[in-house]
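# Descriptive analysis of the structure
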Amino acid sequence: SLIDTEARQVVRRLATKSPALAVRFAPSNQNIILAGTQHGRLLVFSASSGTLVREVQVGSAIQALCTDRAGQLVFCGCADGAVHVYHFKNGMEHPPANHVETKSFQKVPSGVVSLDFTQNPTAPDMPFLCCGTEKGELHLFGVKLLPPAIGFLVSRSSLQVQGNAHGPKYVSTPGITLHYRRAEVVVIFFRLGFVVDRWK
């Protein structure tokens, strides 16, 4: 549902048919809403009309979503540990669905609970995708942005972090901040593979 926070009322309901586990606005078009469902469907809605613009069957339940800055690459993190990447060549708002290309696939050992896309200050053509899992693993992938390999994931590093790595936020090379559900914050120096700070 879309809610007017000032009026405190629902202004639009989106028909996802199964529970939406992850929802994001498209960064390049705030009228576009992405939703990942329990049945593994990636849905693209028009916020102004509530219309379903696109639908892609991904796989298992989609628990995390993020996009690149241009809003053409969509990253889906699934309950079975799969990370799928889709390239919307003509923009998310323009059907038909055959303009959506599956660009890459990676598998991590446990269910994906959070994803974050960030630019790499030392290599602008290879930004990072940070992936947190339900067993506390943290995985870092490079994302290729140049054709013909646009959207392909390259494994960079993995780290076991105690607890549920919910909501990893990459802040600067080489530091990553993890925000836990129990309000604990952990800062990791990723290249050396150890925790440098932890607080609540």
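Residues numbered from 1 in each chain as written. Predicted model: local features only at pLDDT ≥ 70, side-chain atom pairs only at ≥ 80, totals over all residues. Heavy atoms only, no water.

Secondary structure assignment for the chain yields zero helices and 18 strands. For the chain, the residues scored as buried account for 48% of the 200 residues in total. Counting contacts in the chain only where the partners sit at least 6 residues apart, residues at least 24 apart contribute 38% of the total. Of the accessible surface of the chain, which amounts to about 9700 Å², a share of 52% is contributed by carbon and sulfur atoms. (Helix = DSSP H or I, 4+ residues; strand = E, 2+ residues; numbered from the N terminus. Buried < 20%, exposed > 50% of the residue type's maximum accessible area, 1.4 Å probe, protein only. Contact = heavy atoms within 4.5 Å. Areas by Shrake-Rupley, 256 points an atom, 1.4 Å probe, with all protein chains shown as cover.)

Moving on, we get to the sheet that holds strand β4 (residues 29-37). Pairing within the open sheet is antiparallel, and its four strands lie in the order β3-β4-β5-β6. The sheet is open, and its two edges are formed by β3 (20-26) and β6 (52-57), each paired on a single side. For this sheet, the mean inter-axis angle between neighbouring strands, taken without regard to orientation, is 20 degrees. Here six bridges tie β3 to β4, and the two strands are oriented antiparallel to one another. Looking across to β4, one finds that Ala 20 is bridged to Thr 37. (Pairing = 2+ DSSP bridges. Axes fitted to C-alpha atoms, helices over the stretch in contact; angles between N-to-C directions.)

The next point concerns the environment of Arg 69. By the element assignment, Arg 69 lies in the loop between β7 (62-67) and β8 (73-78). Judged by its relative accessible area of 52%, Arg 69 falls in the exposed class. In this structure the C-alpha to C-alpha distance between Arg 69 and Ala 26, which are 43 residues apart in sequence, comes to 8.9 Å.

Here the focus is the pairing of strand β5 (residues 41-46). Burial analysis of β5 places six of its six residues in the buried class, which makes it a mostly covered element. Bridging between β4 and β5 involves five bridges; their strand directions are antiparallel. Counterpart to Ala 35 in the pairing with β5 is Leu 43. Where β4 hands over to β5, the hairpin turn is made up of three residues, of which Gly 40 adopts a positive phi near 80 degrees. In this sheet, β6 lies alongside β5 in antiparallel orientation, the contact comprising five bridges. In the strand pairing of β6, Leu 42 is matched with Val 56. Taken together, β5 and the strand that follows it, β6, pair antiparallel across an intervening segment of five residues, in which Gly 50 is found at a positive phi of about 80 degrees.

Assignment of secondary structure puts Asp 68 in the loop between β7 and β8. At a separation of 2.9 Å, a polar atom in the side chain of Asp 68 contacts the main-chain amide nitrogen of Gly 71. A polar contact is formed between the side chain of Asp 68 and the backbone nitrogen of Leu 73, at a distance of 3.0 Å. Sequence-distant contacts of Asp 68, that is, excluding residues within four places in its chain, are made with Pro 27, Leu 73, Phe 75 and Phe 117. (Polar contact = N/O pair within 3.5 Å; in protein donor to acceptor, adjacent residues only side chain to side chain.)

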